[in-house]
Amino acid sequence: METNGQEHVIEVTDLRRVYGGGFEAVCGIGFSVRRGEIFALLGTNGAGKTSTVELLEGLAPPTSGQVRILGRDPYAERAAVRPRTGVMLQEGGFPSELTVGETTRMWAGCVSGARPEQEALALVGLTGKAGVRVKQLSGGERRRLDLALALLGNPEVLFLDEPTTGLDAEGRRDTWNLVRALRDGGTTVLLTTHYLEEAESLADRLAILHEGRIAATGTPAEVTAAQPSRISFELPEGYFPGDLPPLDRLGVSGHEVEGRLVKLRTRELQRAATGLLVWAERAGVELRRLDVRSASLEEAFLGIARDVSEKASAVEERVA
Ligand SMILES: Nc1ncnc2c1ncn2[C@@H]1O[C@H](COP(=O)(O)OP(=O)(O)OP(=O)(O)O)[C@@H](O)[C@H]1O
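As the structure is a prediction and not an experimental result, all values here were calculated from the model.

A.B. asks: For this particular structure, what's the right way to read the site of the ligand?
C.D. replies: Surrounding the ligand, one finds 13 residues, the nearest of these being Y19, A25, K49, T50 and S51. At three residues, helix 1 (residues 49–56) tops the list of elements feeding residues into the shell around the ligand. Broken down by class, the residue content of the shell around the ligand amounts to four nonpolar, eight polar and one charged.

A.B. asks: Could you clarify how one ought to interpret the nonpolar core in this entry?
C.D. replies: Burial of nonpolar side chains together is a common tendency in soluble globular proteins. Core analysis: the largest hydrophobic core is formed by 60 residues, its most contacted members being A40, L42, A148, L190, L206 and I208. Broken down by element, this core gets its largest block of residues, six residues, from helix 5 (residues 139–151). With residues near it in sequence (within four places) discarded, L42 still touches T193, L196, A199, L206, I208, L209 and F301. Within the second largest apolar cluster, eight residues are counted, among which are L250, V252, L264 and A272.

A.B. asks: Sorry, what's going on with helix 1 here?
C.D. replies: Along an α-helix, a turn takes 3.6 residues, which lines up residues three or four apart on a common side. Counting buried residues along helix 1, seven of its eight residues qualify, which places the element largely inside the surrounding structure. Residue G58 follows helix 1 closely and has a positive phi angle near 80°.

A.B. asks: Honestly, the sheet that holds strand 11 (residues 229–234) in this entry has me stumped. Any pointers?
C.D. replies: Strand pairs in the sheet, formed through backbone hydrogen bonds, run parallel or antiparallel to each other. Taken in spatial order, the four strands of this open sheet run 12-13-11-14, and their pairing is antiparallel. Looking at strand neighbours, the two that pair on one side only are strand 12 (252–258) and strand 14 (288–293), the edges of this open sheet. For this sheet, the mean angle separating the axes of adjacent strands, direction not counted, is 15°. Sheet topology note: the strand 11/strand 14 ladder contains four bridges and is antiparallel. Across the sheet, the residue bridging to S232 is D291, located in strand 14. The strands that helix 9 (residues 269–283) touches are strand 11, strand 12, strand 13 (261–266) and strand 14; relative to strand 11, the one it contacts most, it runs at about 15°.

A.B. asks: So what exactly am I meant to see when it comes to the sheet that holds strand 9 (residues 205–210) here?
C.D. replies: The six strands are arranged 6-7-8-4-9-10 in an open sheet whose pairing can be described as mixed. Sheet topology places strand 6 (85–88) and strand 10 (213–218) at the edges, where each strand pairs with a single neighbour. Neighbouring strand axes in the sheet, compared pairwise and without regard to direction, differ in orientation by 15° on average. Where strand 4 (residues 38–43) and strand 9 come together, five bridges link them in parallel fashion. Residue A40 lies in a different strand from strand 9, and its bridge partner there is L206. Across the sheet, helix 5 touches strand 6 and strand 7 (157–161), and the angle it forms with strand 6 is around 165°. Taken strand by strand, helix 6 (residues 169–184) contacts strand 4, strand 7 and strand 8 (188–192), and its axis lies near 145° from that of strand 8.

A.B. asks: I would appreciate a short explanation of the confidence of the model for the protein in the present structure.
C.D. replies: Low-pLDDT stretches of the model should not have their predicted coordinates read in fine detail. For the protein, per-residue confidence averages 89 on the pLDDT scale, and residues scoring 70 or more make up 93% of the total. Here the prediction assigns the complex a pTM of 0.82, and the interface score ipTM is 0.97.

A.B. asks: Would you explain the packing of helix 3 (residues 100–108) against helix 5 in this entry?
C.D. replies: Between two packed helices, what matters for the description is the angle formed by their axes and the separation of those axes. One way to put it is that helix 3 packs onto helix 5 with a least axis distance of 10 Å and a crossing angle of 25°. Comparing their axes, helix 5 and helix 3 come out roughly parallel. Considering the relative orientation of helix 3 and helix 5, their crossing is right-handed. Along the contact surface, helix 3 presents V100, T103, T104 and W107, while helix 5 presents L145, A148 and L149. Here the contact of helix 3 with helix 5 is built from residues that sort into five nonpolar, two polar and no charged.

A.B. asks: Would you mind showing me how to read helix 3 here?
C.D. replies: Taken together, the buried positions of helix 3 are occupied by V100, T103, T104 and W107. Mapping the buried residues of helix 3 onto a view down its axis gives an arc of 95°, with all of them on the same face. Here the buried face of helix 3 lies against helix 4 (117–123) and helix 5.

A.B. asks: How should unusual backbone geometry be read in this particular structure?
C.D. replies: Residues apart from glycine generally show negative phi values, whereas peptide bonds are mostly found in trans. One non-glycine residue, N154, lies in the positive phi region at around 50°. As for its placement among the helices and strands, N154 is situated in the loop between helix 5 and strand 7. On the basis of neighbour count, N154 is assigned to the partly exposed category, with 16 C-beta atoms found within 10 Å. Phi is positive for R289, which is not a glycine, with a value near 55°. One can find R289 in strand 14. Using a count of 10 C-beta atoms within 10 Å as the deciding quantity, one classes R289 as exposed.

Conventions and cut-offs
- Residues numbered from 1 in each chain as written.
- Predicted model: local features only at pLDDT ≥ 70, side-chain atom pairs only at ≥ 80, totals over all residues.
- Near = placed C-beta within 6 Å.
- Helix = DSSP H or I, 4+ residues; strand = E, 2+ residues; numbered from the N terminus.
- Nonpolar A, V, L, I, M, F, W, Y, C, P; charged D, E, K, R; others polar.
- Core = buried A, V, L, I, M, F, W, Y, C linked by C-beta atoms within 7 Å.
- Buried ≥ 20, exposed ≤ 12 C-beta atoms within 10 Å, placed from the backbone.
- Contact = placed C-beta atoms within 7 Å.
- Pairing = 2+ DSSP bridges.
- Axes fitted to C-alpha atoms, helices over the stretch in contact; angles between N-to-C directions.
- pLDDT = per-residue confidence, 0-100.
- Parallel < 35°, antiparallel > 145°, perpendicular 65-115°, else oblique.
- Left-handed = near helix turned anticlockwise from the far one by under 90°.
- Arc of directions from axis to C-beta.

Here it is in C-alpha cells:
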C-alpha cells in the first residue's frame, strides 16, 4: 500500500492477541513502516513486543486486526512472504555440534537465492570462524551467527529480536553500522531492543509499548521532545535556593534540592540556562557540577511507563 508516494512495507491495524487463558497481550495496536526504514519496538518486560513480532513474522494468527507484510498476510500467505523476510530470533536454537560453516550451508539450503556463505559470515565479522563448532562460539559470536543466517536470503524485510544482547560495545557498534548499511541499501528493518541508546541511535521511528498498547510513537526526537530538559548544579557557598532568580520567570516547571545540589526541569532549556548563567555571572559565582541536558529517550521511556501506571492506579482507585 502507498501513502504520500511512500510504500508501507509493514502495516499493522488494530492488532490484538489474546492467549489461551484469556490474557490480552496485544490490545489493538497500529503502526506502519516504510520501505528502507528502521523501526524499533520498545517496551518494558512483558509489554507485548515478542507477542507482536511473532504476528508480524507469521508465526501465529492475530486474535483480531490485521498485519500486512509487503502487502500480504504473513500467516495465511506464509509461503509467499517468508522468502522475502529475514528473522533473527532471541534464541537461534541451531544444533551446537555443527560448525559455523555447516550451519550456514544447512540454512542456505532452505533459502532461495542465498548469499555465498563467506559473504554472510564476513558481513557479521565471523570470517575465519567457519570451522568452529557453534557450541564453542562466545555468546556475542552466536548472536552474530544468528544475524548472518537472517541475512542469507537477502531479505527485503528484516526482523531483529534484541539483536545486540550479549554483544560488547564494539560488536554492538559493528551491528549498528551493518543495520544502517542494510537500511541504506533499501532493507526495511523492524527491531526490538531493551537498549534505549540503541533505539535512539539506530531507529528512524519507534513505538514504545506498555501493557500491550502503544504509549508513544514517532522519531526518537519527537518522542523525547515531549519530556522536560534538565539542569543541575551545586549552589555556591553562602547561597540558598531563595537567592536564585524566580524560577518560573526562567521557564522552570519543577525543581528539587538535595543538599547543595539543585535540579531544575524545563521545557525552555535555552531560556532557563541563559537566565541561570546570567545570574551567576552577575553574582560573580561559579556553578560547580553544572550539567545541562535535553531529555533522553531513557527519560521519555521511564516517564511514559510511570505516567501510564499512575493513570491506571488512579482509575483503579476511582473504581474501588
Ligand atoms: N503463550 C502465552 N500464554 C499466556 N501468556 C503469554 C504467553 N506468551 C506471553 N504471554 C504473556 O504476554 C505478555 C507479553 O509477553 P511478551 O513476551 O510479548 O512481552 P515482551 O515485551 O516481548 O517482553 P520481554 O521484554 O520480557 O521479552 C506477558 O505478560 C507474558 O507473560
